[in-house]
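A look at the structure
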Amino acid sequence: MPNSVRQRTSLGGSSLDEARRRLVFPLDYPSLDEARAAATRVAPSIGVLKVGLELFVREGPRAVEIGKDLGLDVFLDLKLHDIPATVAGAVASAAALGVRYLTVHAAGGAEMLQRAAQEASRAPELILLAVTLLTSLDDGDLAAQGVQGSASEHVVRMAQLARGAGIHGFVASPHEVPALRQALGAGELLVTPGIRLGPGPGARVDDQKRIATPSAAISAGADLLVVGRPIREAADPLATARSIVQEIAHTLHPPR
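Now for a quick tour of the structure. Computed from a prediction, not measured in an experiment: that's the story for all the values here. (Residues numbered from 1 in each chain as written. Predicted model: local features only at pLDDT ≥ 70, side-chain atom pairs only at ≥ 80, totals over all residues. Heavy atoms only, no water.)

1. A closer look at the overall build of the protein
- For the protein, the helix and strand inventory stands at 13 helices and eight strands.
- In the protein, which comprises 256 residues, the share counted as buried stands at 50%.
- A separation of at least 24 residues holds for 69% of the contacts in the protein among residues at least 6 apart in sequence.
- Counting every atom, the protein has about 10,900 Å² of accessible surface; 52% of that belongs to carbon and sulfur. (Helix = DSSP H or I, 4+ residues; strand = E, 2+ residues; numbered from the N terminus. Buried < 20%, exposed > 50% of the residue type's maximum accessible area, 1.4 Å probe, protein only. Contact = heavy atoms within 4.5 Å. Areas by Shrake-Rupley, 256 points an atom, 1.4 Å probe, with all protein chains shown as cover.)

2. What about the nonpolar core?
- Phe-25, Leu-27, Val-91 and Val-104 are the most contacted members of the largest nonpolar core, which has 70 residues in total.
- For this core, the leading source of residues is helix H9 (residues 151-164), giving six residues.
- Other than its neighbours up to four places away in sequence, Val-104 contacts Lys-79, Leu-80, Val-87, Met-112, Leu-113, Ala-116, Leu-128, Leu-129, Ala-130, Val-131 and Ile-167.
- With twelve residues, the next largest nonpolar core counts Val-48, Phe-75, Ile-127 and Val-131 among its residues. (Core = buried A, V, L, I, M, F, W, Y, C linked by side-chain atoms within 4.5 Å.)

3. Regarding the pattern of salt bridges
- This structure, assessed with the given rule, holds twelve salt bridges.
- Between Asp-223 and Arg-22 there is a salt bridge, and its shortest N-O distance comes to 3.9 Å. Of this pair, Asp-223 sits in the loop between helix H11 (214-220) and strand E8 (224-226) while Arg-22 sits in the loop between helix H2 (15-21) and strand E1 (23-26); the two residues are 201 residues apart in sequence, bridging distant segments of the chain.
- Residue Asp-223 is classed as buried on the basis of its relative accessible area, which comes to 3%.
- Arg-22 gets classed as buried once you look at its relative accessible area, which sits at 8%. (Salt bridge = Lys/Arg side-chain N within 4 Å of Asp/Glu carboxyl O.)

4. Observations regarding unusual backbone geometry
- Of note in this structure, Lys-79 is not a glycine but carries a positive phi near 50°.
- Residue position: Lys-79 is located in strand E3 (residues 73-80).

5. Regarding the environment of Ala-217
- If you trace the backbone, Ala-217 turns up in helix H11.
- For the pair Ala-217 and Ser-173, spaced 44 residues apart in the sequence, the C-alpha separation amounts to 8.6 Å.
- With sequence-adjacent residues up to four places away left out, Ala-217 is seen in contact with Pro-174, Thr-192, Ile-195, Ala-222 and Leu-225.

6. Thoughts on the sheet that holds strand E2 (residues 48-51)
- Taken together, the eight strands give a closed barrel; going around it, the order is E1-E2-E3-E4-E5-E6-E7-E8, and neighbouring strands pair in parallel fashion. Strand-to-strand twist across the sheet, computed as the mean angle between neighbouring axes with direction ignored, equals 25°.
- Bridging between strand E7 (residues 189-192) and E8 involves two bridges; their strand directions are parallel. Note on E8: the bridge partner recorded for Val-191 is Leu-224. (Pairing = 2+ DSSP bridges. Axes fitted to C-alpha atoms, helices over the stretch in contact; angles between N-to-C directions.)

7. Comments concerning the pairing of E7
- In E7, alternate side chains face the same way, and those of Leu-189 and Val-191 on one face and Leu-190 and Thr-192 on the other are all buried.
- Pairing geometry for strand E6 (residues 169-171) and E7, over three bridges, is parallel. Pairing of Val-171 across the sheet is with Val-191, part of E7.
- Crossover connection from E6 via helix H10 (residues 177-184) to parallel E7: handedness right-handed. (Right-handed = clockwise from strand over helix to strand, strands pointing away.)

8. Focus on the packing of helix H6 (residues 84-97) against helix H7 (residues 110-120)
- For the pair H6 and H7, the least separation of the axes is 8 Å and the interaxial angle reads 25°. Our classification of the angle between H6 and H7 gives roughly parallel. For the pair H6 and H7, the crossing hand works out as right-handed. In contact with Pro-84, Ala-85, Val-87, Ala-88, Val-91 and Ala-92 of H6, H7 contributes Glu-111, Met-112, Arg-115, Ala-116, Glu-119 and Ala-120. (Parallel < 35°, antiparallel > 145°, perpendicular 65-115°, else oblique. Left-handed = near helix turned anticlockwise from the far one by under 90°.)

The values are spatial; any link to function lies outside them.
Below you can see the structure in the form of structure tokens.
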């Protein structure tokens, strides 16, 4: 059974517990102290901490330790994209850190993805996530790069390439989730950034072009939601995270 499928089967439990495990909070902070303080503040209402490129370049493995100290899964979002041997080595290094999720870029090609998947298979708890297309890009950006077809079509192509290489987790905007579910079936793990809230500061688009609300993303078939700015910039981050968990739970298990 692929790691991602096993993870999907472990998302059960009470509706609020299940919803909390689906919420990913990115530690997009310039320093370890700020990241740790923010993570500690929202930890009761999230399931996963995401360590991105900025924080990891500055702080390295110490950033991963925040999640371990709080008893949360860690999502190391480095979008690895290099020659196959280099990426395989980086996957092995990430596995040694004990992270739960690690991103590789599907645009790296079949051989790179295969080597990454082979290396990840040595670490049963590690789940690789193939990034299909950044949420900052849209159809016009793809056309400017000479890529034919829509963003949705490109996302499906990239996901199918990655799955053929042995990867069973994918990162895509909420807009592409229905197409991915149709193309890949129900057994794959889908992670969606670009989550924004209703009217108010959380609804800002910023640098992401393909966005949706938590309920819309879950209804479309997403498994894990990455919610950054709406929580980070809220007057009460913990209360905002709690409200998102409640929205996810209500969407997963609507009252009868």
